[in-house]
Amino acid sequence: MSTQTPFGRLAGKTAVITGGTTGIGLETARHFLKEGARVLITGRSQERVDAALKTLGDGSAGAAEGFVADGADLSALDALADAARDRFGALDIVFANAGGGSFAPIGEVDDAHFDSQFDVNVKGVFFTVQKLLPVLRDGASIVLNASAIHAKGAPGASVYSATKAALRSFARSFATELGARGVRVNTLSPGVIPTKFFANSNLGDAAFAQFEDIAGKTAPLGRAGRPEEIAQAAVFLASDESSYMNAADLTVDGGWSQV
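A brief look at the structure comes next. (Residues numbered from 1 in each chain as written. Predicted model: local features only at pLDDT ≥ 70, side-chain atom pairs only at ≥ 80, totals over all residues. Heavy atoms only, no water.)

### Details of the layout of surface pockets
Approximately 160 Å³ is the volume found for the second largest pocket. Lining the second largest pocket are 16 residues, and of these Arg223, Ala224, Gly225, Asp253 and Gly254 lie nearest its centre. Among the elements of the structure, helix H7 (205-218) and helix H8 (227-238) are those that each provide at least two residues to the lining of the second largest pocket. Residue classes in the lining of the second largest pocket are distributed as 9 nonpolar, 4 polar and 3 charged. (1 Å grid on protein atoms, 1.4 Å probe; cavity = no way out; pocket = protein on both sides within 12 Å on 5 of 7 lines; lining within 4 Å. Points joined across faces, edges and corners; volume = space filled by probe spheres on them. Helix = DSSP H or I, 4+ residues; strand = E, 2+ residues; numbered from the N terminus. Nonpolar A, V, L, I, M, F, W, Y, C, P; charged D, E, K, R; others polar.)

### Digging into the packing of aromatic side chains
Aromatic ring pairs are described here by two measures, namely the spacing of the ring centres and the angle between the planes. Applying the stated criterion across every chain yields a total of 6 aromatic pairs. Through a chain of ring-to-ring contacts, the aromatic side chains of Phe126, Phe127, Phe170 and Phe174 assemble into a single cluster. Taking NZ or CZ as reference, lysine 152 lies 4.9 Å from the ring centre of tryptophan 256, over its face. (Phe/Tyr/Trp six-rings, centres within 6.5 Å; stacked < 30°, edge-to-face > 60°. Lys NZ or Arg CZ within 6 Å of the ring centre and 35° of its normal.)

### A word on helix H3 (residues 74-88)
In this model, H3 (15 residues) spans 21 Å end to end at C-alpha, consistent with the 21 Å of a helix rising 1.5 Å per residue. Residues of H3 that are buried include every one of Ala76, Leu77, Leu80, Ala81, Ala83, Ala84 and Phe88, and no others. The arc that holds the buried residues of H3, viewed along the axis, is 165°, so those residues lie on one side. At its buried positions, H3 is contacted by strand E1 (14-17), strand E2 (38-43), strand E3 (63-68), strand E4 (91-96), helix H4 (111-132) and strand E5 (136-145). Trailing H3 by a residue or two, glycine 89 shows a phi angle of about 85°, which is positive. (Expected span 1.5 Å × (residues − 1). Buried < 20%, exposed > 50% of the residue type's maximum accessible area, 1.4 Å probe, protein only. Arc of directions from axis to C-beta. Contact = heavy atoms within 4.5 Å.)

### Examining the nonpolar core
Leu91, Ile142, Leu144 and Val185 are the most contacted members of the largest nonpolar core, which totals 33 residues. When residues of this core are traced back to their parent elements, those giving at least two are H3, E4, H4, E5 and helix H5 (158-178). Setting aside residues no more than four positions away along its own chain, leucine 91 makes contact with Thr14, Ala15, Val16, Ala84, Leu132, Val135, Leu136, Arg137 and Ala140. Grouped together as the second largest cluster of nonpolar side chains are 24 residues, Ile93, Ile230, Ala233 and Ala238 included. (Core = buried A, V, L, I, M, F, W, Y, C linked by side-chain atoms within 4.5 Å.)

### So, the sheet that holds E5
The 7 strands lie next to each other as E3-E2-E1-E4-E5-E6-E7, forming an open sheet whose pairing is parallel. Sheet topology places E3 and strand E7 (249-252) at the edges, where each strand pairs with a single neighbour. On average, adjacent strands in this sheet sit at an angle of 20° to one another, irrespective of strand direction. Taken together, the 5 bridges between E5 and strand E6 (residues 184-190) define a ladder with parallel strand orientation. (Pairing = 2+ DSSP bridges. Axes fitted to C-alpha atoms, helices over the stretch in contact; angles between N-to-C directions.)

### Regarding the pairing of E5
Consecutive residues of a regular strand have side chains that alternate between opposite faces of the sheet. Extensive coverage of E5 is indicated by the burial of 7 of its 10 residues. Sheet topology places E4 next to E5; 5 bridges connect them, and they run parallel. Across the sheet, the residue bridging to phenylalanine 95 is valine 143, located in E5.

### Focus on the packing of H4 against H5
The angle between the axes and the distance between the axes are what describe a pair of packed helices. With their axes 9 Å apart at the nearest point, H4 and H5 run at an angle of 15° to one another. Accordingly, the angle class assigned to the pair H4 and H5 is roughly parallel. Between H4 and H5 lies a crossing of right-handed hand. Note on element contacts: H5 touches H4 through Val159, Tyr160, Ala162, Thr163, Lys164, Ala166, Leu167, Phe170 and Phe174, opposite His113, Phe114, Gln117, Phe118, Asn121, Val122, Val125, Phe126 and Val129. In terms of residue class, the contact of H4 with H5 is made up of 13 nonpolar, 4 polar and 1 charged. (Parallel < 35°, antiparallel > 145°, perpendicular 65-115°, else oblique. Left-handed = near helix turned anticlockwise from the far one by under 90°.)

Encoded structure:
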């Protein structure tokens, strides 16, 4: 007979979710809370953080808090680590989810396009992990939000894809370095998930609709994914249910990158 409580998969655990005000980050925060975790979400503005906390509400098993931080700002990440220590004492979970993307053919990529994505998606993730390491408990779980696109070629996505491939490499190296502490590091690689990520990219509505249609038709499941499907996978990687998963990539894309 199971002794698991209704919201016990993350009961008693503390988590930071970067970029937790919209899309996959917000949905993951909702699922973490339902499973009993205390969650600190970050966003780039107080308005976005406040709106997300209002959306999360008071009906969850856990408790949500917010913090304003830009992942590319190292001083903000120092402050985030201090806030996590002050509020929680220590962390069990880090979901490094904050990121962004823009798309252009090789010939149209300039240094601003290149630097902006590597600053947020690569530098930001690396230093998020570095700054939060002193706050992590032994045995903690780190999840890096990558993308299924790191395993496929896509026109116009060379820079974005490279940033996500870097996260896959980070997971391998981090896991090797942190294994002595029992800290697990895995990547979560979503497929096409319609969220504000695409609205905030330089893809127009028509271009995204075409991409979504192509991805849906080429994925064996024949559709795009939903944020809650990624959040459920994040709960698994954050929980003790994945205790022997390390340096792995959990691809949740309906099979799009596998066929």
